[in-house]
Amino acid sequence: MARIEPVDESSAPAASRELAAAHAATGGRMTNMKWTLAHSPVALDALLQWYPLHDQVAPVLGERRTWLYCHAISTQSDCLICSTFFRRLLIDAGEDPGALALDDFDELIVDFGRRLGSDPHSVDDALHARLAERLDTSQIVTLTAFGAIMVATNVFNDALAVDLDGYLQTYAT
């Protein structure tokens, strides 16, 4: 049960309604997490920065590898909402999240995601060197910031016990 109930569109602060409308206009879905964030327009705006970062990461990694990265972070940190969201994307793309076929680059990105999701101190020089063989400095910085926002969404959902959205129920493990 959610510790803080999501606001509904009519009771959200005006700035949150504007952010929600802009997000919806891009095709984004206003989820339980986002309507909970909408209690604070600045909090909603901060975590919506996931999308511009995603738009920088996806052309570098590809959409599937971006999903794998987010899924790795979210499963490692045991976030029901985020891990289920990325399970849904993988399943709908015809994959089995429990038996993913990973190439060397996928494995590197998944390893990086898992380490961010459990202990960012475990991102050691060896892992960084492996990333630097594939990505330039700007890409590593963007990927790390994107991962940090993913971790933040996990923390937000779990700390406030945000309810799983109905459309994700069938994808939960």
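Everything discussed here concerns the structure shown above.
Residues numbered from 1 in each chain as written. Predicted model: local features only at pLDDT ≥ 70, side-chain atom pairs only at ≥ 80, totals over all residues. Heavy atoms only, no water.

1. Brief notes about the packing of aromatic side chains
Thought 1: The final tally for this structure, using the stated rule, is 6 aromatic pairs.
Thought 2: For the pair Trp50 and Tyr51, a centre-to-centre distance of 4.9 Å together with 75 degrees between the ring planes defines the contact as edge-to-face.
Thought 3: Relative accessible area serves as the criterion here: at 30%, Tyr51 is assigned to the partly exposed category.
Thought 4: For the pair Tyr69 and Phe146, a centre-to-centre distance of 6.1 Å together with 25 degrees between the ring planes defines the contact as stacked. In this pair, Tyr69 sits in helix α5 (residues 63–76) while Phe146 sits in helix α9 (residues 137–159), placing the two residues 77 residues apart along the sequence. Each member of the pair Tyr69 and Phe146 is classed as buried. (Phe/Tyr/Trp six-rings, centres within 6.5 Å; stacked < 30°, edge-to-face > 60°. Buried < 20%, exposed > 50% of the residue type's maximum accessible area, 1.4 Å probe, protein only. Helix = DSSP H or I, 4+ residues; strand = E, 2+ residues; numbered from the N terminus.)

2. Section: the pattern of salt bridges
Pairing is possible between side chains that carry opposite charge, provided their charged atoms lie close to one another.
Thought 1: Counted by the stated rule, this structure contains 8 salt bridges.
Thought 2: Among the ionic pairs, Arg115 bridges to Asp124, the shortest N-O distance being 3.3 Å.
Thought 3: For Asp124, a relative accessible area of 35% gives the class partly exposed.
Thought 4: One network of salt bridges, with partners in common, ties together Arg64, Arg65, Glu95, Asp103 and Asp106. (Salt bridge = Lys/Arg side-chain N within 4 Å of Asp/Glu carboxyl O.)

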